[in-house]
Amino acid sequence: MRLGFLGRGVQALRRLFFKSISTIQVQGAPRLMQPLHSVGLGTIRIAKGVTVGYYPSPFFFSSHAYLEARHASASISIGEGTSLNNGFVAIAEHARIVVGSHCLIGTNVEIYDSDFHGLAVADRQTSLPEWAKPVVVGDHVFIGSNVKIMKGVTIGDGAVIANGAVVVKDVAPATVVGGNPARLIKELT
């Protein structure tokens, strides 16, 4: 299905708006089907052949991709040929988020390198670098819709993360995980 003239015009205006309110320049030139909002003091690198947004898919007109490298030490890197579906969110507070090459990422996926605050009442307004841990997603990973990937997780090459999973532990290469918290469902051959 093709996006019509009016749809292309609406998305062009939305992309322009989100670019105008972004505070960080993205290194690279992703193919933007959907708006990209990039903020922070760190670095955001997007390799060639990365697509942001997909039509027709849910939330195409009602969401946008959000990339935040919050502090100077934070970075986000997305590998070549990766497809980010609508509503993708990645926030690196103090560490880094790396998404490999040729990954397929569903709608409303969220990746975080931090808890963003302490659990104790006295620490809830505090953000310490030692609370952040890098997130690394390997190459050829397929992440379903509505997945949350939390700090310190490494996902091996070729893994599949089922819809709605909350990933709090490392995922071995060539495996399928799902659930909350995500658990091994099967190994791929």
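Above this text you will find the structure in question.
So, how was this worked out
- Residues numbered from 1 in each chain as written.
- Predicted model: local features only at pLDDT ≥ 70, side-chain atom pairs only at ≥ 80, totals over all residues.
- Heavy atoms only, no water.
- Helix = DSSP H or I, 4+ residues; strand = E, 2+ residues; numbered from the N terminus.
- Expected span 1.5 Å × (residues − 1).
- Buried < 20%, exposed > 50% of the residue type's maximum accessible area, 1.4 Å probe, protein only.
- Arc of directions from axis to C-beta.
- Contact = heavy atoms within 4.5 Å.
- Pairing = 2+ DSSP bridges.

Q: Can you walk me through helix α1 (residues 5–21) in this structure?
A: The terminal C-alpha atoms of α1 lie 25 Å apart, and with 17 residues this matches the ideal 24 Å at 1.5 Å per residue to within 8%. Turning to α1, its buried residues number three or more, namely Gly7, Gln11, Arg14 and Phe18. For α1, the arc enclosing every buried residue in end-on projection is 60°, short of the 170-degree limit, so these residues lie on one face. In α1, the exposed positions angled more than 90 degrees off the buried face are occupied by Phe5, Leu6, Leu13, Leu16, Lys19 and Ser20. Close packing links the buried residues of α1 with β2 (36–40).

Q: Please explain the sheet that holds strand β7 (residues 83–84) as it appears in this structure.
A: Note: strands within a sheet are paired through backbone hydrogen bonds, in either parallel or antiparallel orientation. Strand order in the open sheet formed by 8 strands is β1-β4-β7-β10-β13-β16-β18-β19, with mixed pairing between adjacent strands. Each edge of the open sheet carries a strand with a single partner, namely β1 (31–32) and β19 (183–187).

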